[in-house]
Amino acid sequence: RSQQSRAPAVTGRGARPHSAMAAALVAPSKLPLAADVACDVLAADRLLRQRILEKAFIEAQSKVDVSSRTYVRHGRIALAGISALMAVRALAWWKGSIPGYYVFGMHFVAFCADLCCAIFALPLFFGGAGGRCVDIGCVGPVLTLVFAMSVIDVGALVAFLLMAAPR
């Protein structure tokens, strides 16, 4: 038999523990005064660090709000421009001025890319640095999507200039 199996069990009411650790497990008592003070100091230290961290976070957030205002304003202006362009396209198509067969696909792709840019960038540019898009970490994917749609727009423009360039 192993050493552990030979040791008497420390269970039951009449059992006598063999060590201080076992005594603490069988009959837990109040921690000594020094341990209470140490726990209080640790809790106070943790609370102080948390307050310092919250203050630094609020300060950083306000700095980001101030420094990103110009770029957010530029994004809003770009969204207004894209929206105006889509409105002109939709109005022209509604009036019956549909592009020719060769360029209709390129116009449609550019329209869809502009629509995706406008829809998916709205939360970023109208929420600002403190918006939900930033809070949940969607800035990277949104900017990647907007960049991809911009590349698609440029590709549609190049295809238009190669296939049906104005003469």
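Residues numbered from 1 in each chain as written. Predicted model: local features only at pLDDT ≥ 70, side-chain atom pairs only at ≥ 80, totals over all residues. Heavy atoms only, no water.

Moving on to the overall build of the protein chain. Each helix and strand in the protein chain was counted, giving six helices and zero strands. Taken from N to C terminus, the helices and strands of the protein chain fall in the order α-α-α-α-α-α. By the burial criterion, 16% of the 167 residues in the protein chain qualify as buried. In the protein chain, the share of contacts with a sequence separation of at least 24, taken over all contacts with a separation of at least 6, comes to 64%. Of the accessible surface of the protein chain, which amounts to about 12900 Å², a share of 69% is contributed by carbon and sulfur atoms. (Helix = DSSP H or I, 4+ residues; strand = E, 2+ residues; numbered from the N terminus. Buried < 20%, exposed > 50% of the residue type's maximum accessible area, 1.4 Å probe, protein only. Contact = heavy atoms within 4.5 Å. Areas by Shrake-Rupley, 256 points an atom, 1.4 Å probe, with all protein chains shown as cover.)

Take a nonpolar patch on the surface next. A cluster of nonpolar side chains, namely Tyr-101, Tyr-102, Val-154, Val-158, Leu-162 and Met-163, defines an oily patch on the protein surface of about 790 Å² accessible area. Residue assignment for the nonpolar patch shows that the elements contributing at least two residues are helix H4 (101-127) and helix H6 (139-163). Broken down by element, the nonpolar patch gets its largest block of residues, four residues, from H6. Along the chain, the position of Val-158 falls in helix H6. A residue is classified by how much of its surface remains accessible, and Val-158, at 43% relative accessible area, is partly exposed. (Patch = residues over 30% accessible without salt bridge, like charges linked within 9 Å, V, L, I, M, F, W, Y side chains within 5 Å. Salt bridge = Lys/Arg side-chain N within 4 Å of Asp/Glu carboxyl O.)

A few words now on H6. Given a rise of 1.5 Å per residue, 25 residues ought to cover 36 Å, and the 36 Å separating the end C-alpha atoms of H6 matches this to within 8%. The set of residues buried in H6 consists of Val-142, Met-149 and Ala-156. As for H6, its buried residues are in contact with H4 and helix H5 (132-135). (Expected span 1.5 Å × (residues − 1).)

Attention shifts here to the nonpolar core. Of all hydrophobic cores here, the largest spans nine residues; its members are Leu-79, Met-86, Phe-111, Ala-118, Ala-121, Leu-124, Phe-125, Cys-133 and Val-142. Within the residue set of this core, elements represented by two or more residues are helix H3 (33-94) and H4. Looking at this core element by element, the count peaks at five residues for H4. (Core = buried A, V, L, I, M, F, W, Y, C linked by side-chain atoms within 4.5 Å.)

Among the secondary structure elements, Leu-85 is positioned in helix H3. Residue classification places Leu-85 among the partly exposed residues on the basis of a relative accessible area of 39%.

Position of Asp-114 among the secondary structure elements: in helix H4. Among all residues touching Asp-114, those that are not within four sequence positions of it are Ile-82, Leu-85, Met-86, Arg-89 and Asp-153.

Okay, the pattern of salt bridges next. For the coordinates displayed, the defined rule picks out three salt bridges. Salt-bridge contacts for Arg-49 lead to Asp-45; the nearest nitrogen and oxygen are separated by 3.1 Å. Placement of the pair is Arg-49 and Asp-45 together in helix H3, with a separation of four residues, close to one helical turn. Taking the relative accessible area as the measure of exposure, Asp-45 reaches 32% and is therefore partly exposed.

According to the stated counting rule, one finds three aromatic pairs in the structure shown. Ring pairs connect the aromatic residues Trp-93, Phe-104, Phe-108 and Phe-111, which therefore count as one cluster. (Phe/Tyr/Trp six-rings, centres within 6.5 Å; stacked < 30°, edge-to-face > 60°.)

Along the polypeptide, Arg-89 turns up in helix H3. Apart from residues no more than four positions distant in its own chain, Arg-89 is found in contact with Ala-110, Phe-111 and Asp-114.

Turning to the environment of Ser-68, a few remarks are in order. You can see Ser-68 is positioned in helix H3. With 60 residues separating them in the primary sequence, Ser-68 and Gly-128 have C-alpha atoms 8.0 Å apart. Here the side chain of Ser-68 touches Val-64 through a polar contact of 2.8 Å, landing on its backbone oxygen. (Polar contact = N/O pair within 3.5 Å; in protein donor to acceptor, adjacent residues only side chain to side chain.)

In short, geometric facts, not functional conclusions.
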